[in-house]
Amino acid sequence: MIRKPFPNIINKDISILKNFPDTQFSLVCVESNDFLNNTIIDYDIDYDKDIITVKYAKNYNTYPLLDEKIAAIINLGFVTGKNSINAKLMEERKIGATDLGIAVDNKENILYLYGDSFSGNDVNIGIWNSNFIAKSSSREFNKNIKFDDIIHYPSMLAKPIIQGGHFKNDPDNILEKNNLEVTKIPTGGIRINDYVYIYIMSVSYWGLPGQWVIENNTIYKSKYNDLRNFEECEKGKFFKKTLQNCLQIFPFEKEGDEKYVYFISVGGGRFTNLALGRVEKKYIENSQKYEIFTKEKVYKNILKTEEKDYFYLVNKNKSSEPSIMYNKYLKKWIISTLENGSIVFYLSEKLEEEFKERIEVLNFKDFPTLYGGFLNNSLVEDNGKTIYFQVSQWSPIYNTSLFKVIFK
């Protein structure tokens, strides 16, 4: 008979019950995203029947662990598409298929930047928009991301940040005499004071898988509360001719540094090195004022620095669609990138050094045709022990899902 208080076993692995061979347990499996698999959620002692009922978590959307530093990786379901938490709103805005989901903290809400979008259920079906913005005031990420709305025209159809040229995808587009644009895709965004700035790459040709040609990256801005009206920053262009490695730009802030906006960047496609730079906030709209971090471990004006002198944070010549955050739980910076069919995190205690520590997070085998995985300091719990990011899948899925990663 149970005659004394039983120790608190909540949050313990169910294997701990082996330590009580003389106690009778009744086990109840509960589907939950709030706890790791096989973790005890609750228990109740029945003194009359001399039995303890133990509820433990089972999540059927967990994925294999590819690194010992990760405790769990959980798929919380589709964010976009007909099977998503936002299916009704997306149908109203005529979006059936999309990708990316780059988060931008807009203080009152979080903005999510998406790429090429179609009203049909796959690539190149129906109405084509080069990009769009969804906004959400919810920060209960464990329940997925529920949109408040999608920026739209008066007709209620989704309105792009800026529409791409939508010329036919042809290698001749990149000839100087043609200079034709297929689409415009966001690569990152940031709110500074009362403005939201979004960096958008101009794609002139989609080549072989993982290879695309970018003519330039341009900064667009809007008042934080008027996201229907973005305008091009007149001096905010980064050109292929002069800045090969600054065409996919992801801006971010460094806590404690009120003077600068920082950025990481790569060139066109998924096979370039990853550079680091910064710009004074007051000059964020002027690309000529941007600085790049060099091998001399100093920042120099971007137009006066040759690319051979850049210091590369991930020196592997295969960085792809990168994002970055500082994780307070790990006390390290994390760069997320796609590498050899896997979403990979590179870590470093200091920003201005090579990121050498590598964690494989999710791969093609377990989640086919994946890409993306954009990080943001706002999409965290427990000071960064848990982080969230959207993962895209290529055709025939072509939508995003929300993943939850828990570090040990």
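All of the points below concern the structure found in this document.

As for the pattern of salt bridges
Item 1. Under the defined criterion, the tally for this structure stands at 22 salt bridges.
Item 2. Salt-bridge contacts for E140 lead to K143; the nearest nitrogen and oxygen are separated by 3.2 Å.
Item 3. Residue classification places E140 among the partly exposed positions, given a relative accessible area of 48%.
Item 4. With relative accessibility at 60%, the residue K143 sits in the exposed group.
Item 5. The closest approach of N and O atoms between R358 and E339, which form a salt bridge, is 3.0 Å. Pair noted here: R358 is in strand β24 (residues 357-363) and E339 is in strand β22 (residues 332-339), with a separation of 19 residues, a long-range link.
Item 6. Here the salt bridges do not stand alone but share partners, grouping D67, K69, K332 and E357 into one network.

What about the pairing of strand β21 (residues 323-327)?
Item 1. Most of β21 sits out of view: four of its five residues are buried.
Item 2. Bridging between β21 and β22 involves five bridges; their strand directions are antiparallel. The residue bridging Y326 from the neighbouring strand is W333, located in β22.

Let's talk about unusual backbone geometry
Item 1. Put simply, S395 and P396 share a cis peptide bond, and its omega is 10°.
Item 2. Structurally, P396 is set in the loop between β27 (386-393) and β28 (399-407).
Item 3. At Y398, a residue that is not glycine, the phi angle is positive and equals roughly 40°.
Item 4. Here Y398 lies in the loop between β27 and β28.
Item 5. Look at Y398 and you get buried, because its relative accessible area is 2%.

Quick notes on the sheet that holds strand β23 (residues 342-348)
Item 1. Sheet architecture is open: four strands sit in the order β21-β22-β23-β24, paired in antiparallel fashion. The open sheet has two edge strands, β21 and β24, and neither has a second partner. Within the sheet, the average angular offset between the axes of one strand and its neighbour, ignoring direction, is 25°.
Item 2. The pairing of β22 with β23 spans seven bridges and is classified as antiparallel.

Details of the packing of aromatic side chains
Item 1. In this structure the tally under the stated criterion is 27 aromatic pairs.
Item 2. Geometrically, the ring pair formed by Y114 and F132 is stacked, given 4.9 Å between the ring centres and 15° between the ring planes. Of this pair, Y114 sits in strand β6 (residues 110-114) while F132 sits in strand β9 (residues 132-136), and the two are 18 residues apart along the sequence.
Item 3. We classify Y114 as buried; its relative accessible area is 0%.
Item 4. Using a relative accessible area of 0% as the deciding quantity, one classes F132 as buried.
Item 5. Look at F141 and Y388: their rings are 5.6 Å apart centre to centre, the planes differ by 45°, and that puts the pair in the tilted class. Of this pair, F141 sits in the loop between β9 and β10 (149-150) while Y388 sits in strand β27; the two residues are 247 residues apart in sequence, bridging distant segments of the chain. For the pair shown, F141 and Y388 are each scored as buried.
Item 6. Within the aromatic cluster, the residues linked to one another by ring pairs are F252, Y260, Y262, F293, Y299, F311, Y326 and W333.

Section: the nonpolar core
Item 1. Counting 67 residues, the largest nonpolar core has I324, F345, F355, V361, L362 and F389 as the members making the most contacts within it.
Item 2. With residues up to four places along the chain from it excluded, the contact list for I324 reads F250, F252, I264, W333, I334, I335, L351, F355 and L375.

Comments concerning the pairing of strand β2 (residues 40-46)
Item 1. Strand direction decides the pairing type here: β2 and strand β3 (residues 51-58), joined by six bridges, are antiparallel. Following the sheet pairing, D42 is matched in β3 by K55.
Item 2. In this structure, the hairpin formed by β2 and β3 is closed by a connection of four residues, where D50 is found at a positive phi of approximately 60°.

A closer look at the sheet that holds β3
Item 1. Taking strand neighbours across the sheet as the criterion, the three strands line up as β1-β3-β2 in an open arrangement whose pairing is mixed. The open sheet is flanked by β1 (25-31) and β2, the only strands paired with a single partner. Averaged over all adjacent pairs, the angle separating strand axes in this sheet is 20°, with direction ignored.

Details of the environment of L66
Item 1. With respect to the helices and strands, L66 occurs in the loop between β3 and β4 (70-78).
Item 2. Spatially, the C-alpha atom of L66 lies 6.1 Å from that of V361, the residues being 295 residues apart in sequence.
Item 3. When residues no more than four places from it in sequence are discounted, the contact partners of L66 are E360, V361, L362, N363 and D366.

Definitions and cut-offs
Residues numbered from 1 in each chain as written. Predicted model: local features only at pLDDT ≥ 70, side-chain atom pairs only at ≥ 80, totals over all residues. Heavy atoms only, no water. Salt bridge = Lys/Arg side-chain N within 4 Å of Asp/Glu carboxyl O. Buried < 20%, exposed > 50% of the residue type's maximum accessible area, 1.4 Å probe, protein only. Helix = DSSP H or I, 4+ residues; strand = E, 2+ residues; numbered from the N terminus. Pairing = 2+ DSSP bridges. Axes fitted to C-alpha atoms, helices over the stretch in contact; angles between N-to-C directions. Phe/Tyr/Trp six-rings, centres within 6.5 Å; stacked < 30°, edge-to-face > 60°. Core = buried A, V, L, I, M, F, W, Y, C linked by side-chain atoms within 4.5 Å. Contact = heavy atoms within 4.5 Å.

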